[in-house]
Every structure is written in C-alpha cells, then in structure tokens.
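Each chain, written out:
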Amino acid sequence: QVHVVESGGGLVQPGGSLRLSCSASGFTFSRYVMNWYRQAPGKERELVARITRLGSSTIYVDSVKGRFTISRDNAKNTVYLQMNSLKPEDTAVYYCNARGDYEFWGQGTQVTVSS
C-alpha cells in the first residue's frame, strides 16, 4: 500500500523558516522524481520545486529561488523542502508528489506565513 505523508507545516512569521518533510512507502522511492506543489486559496496548484531521482538536479519556481531548497534521502524514502525567508504569499497547502511509472500525492500540509 502506498503512503505519501507530509509534515512540518505550521504558522510562522514573515522572514521565518520551516522545513517540510515527505515520507513515502509502498513504492521504489529512488525511481521516482519528487515534487513539491502548493495551492493557495482561490489559486491553481503550482509546482514549487522538483528533484530528480538521484538528487543530481533540481528546479524551482522563480518566486522561491534562493529561498527554498529541495533535497532527498533515498535511504530514508524522504524528500524535504527547506523554506527560508518566508513571505505571506508563501501561504498555501503544500503537497508532496511522486512521479514515475505511477503518480502519487500526499494529503498536504498547511503553511501559513503571518504576523
């Protein structure tokens, strides 16, 4: 049975940091490209960051470049999103996505940036 579970969301003040984690099981994690998406109220879901299967390459949406870092630990079947210098516009539900032979989604974790 496949499980994709995000954690680490919460309420943080502008300029603060959060580290999201996504723990996966039930599939061969190292064979999947891993993505973080987010969806703010009233907006479409957007790709925030992507990391290739061995972690050799990453991409980011322009709005988070230089502030967010995606990484993965294939031994732990976990992908991370380190978010620094958070802004109110980063407020959204953040979703973990695995894409390979199949596609899997987590249930999301809320990130709220507010003073």
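Our structure is the block above this text.
Quantities reported herein were computed from a predicted structural model and do not represent experimental measurements.

Peer 1: For this particular structure, what's the right way to read the state of the cysteines?
Peer 2: Covalent bonding between the sulfur atoms of two cysteines is what defines a disulfide. Per the stated rule, a full pass over the model turns up one disulfide. The residue that forms a disulfide with Cys22 is Cys96, at a sulfur-sulfur distance of 2.1 Å. Since a negative S-S torsion denotes a left-handed disulfide, the Cys22-Cys96 link at about -80° is left-handed. Of the two residues, Cys22 sits in strand 3 (residues 18-25) while Cys96 sits in strand 9 (residues 92-99), which places them 74 residues apart along the sequence. You can call Cys22 buried: its relative accessible area is 0%. The buried category is assigned to Cys96, whose relative accessible area is 0%.

Peer 1: Where do I start with the pairing of strand 5 (residues 46-51) in this structure?
Peer 2: Consecutive residues of a regular strand have side chains that alternate between opposite faces of the sheet. Across five bridges, the pairing between strand 4 (residues 33-39) and strand 5 is antiparallel. Within the sheet, the bridge partner assigned to Asn35 lies in strand 5 and is Arg50. The turn joining strand 4 and strand 5, which pair antiparallel and follow one another in sequence, is formed by six residues; a positive phi near 75° is taken by Gly42. Here strand 5 runs beside strand 6 (residues 58-60); their pairing, made up of three bridges, is antiparallel. The residue of strand 6 that forms the bridge with Ile51 is Thr58.

About the thresholds
Residues numbered from 1 in each chain as written. Predicted model: local features only at pLDDT ≥ 70, side-chain atom pairs only at ≥ 80, totals over all residues. Heavy atoms only, no water. Disulfide = S-S within 2.5 Å. Helix = DSSP H or I, 4+ residues; strand = E, 2+ residues; numbered from the N terminus. Buried < 20%, exposed > 50% of the residue type's maximum accessible area, 1.4 Å probe, protein only. Pairing = 2+ DSSP bridges.

In short, the description is geometric, and any link to function would need to be established separately.
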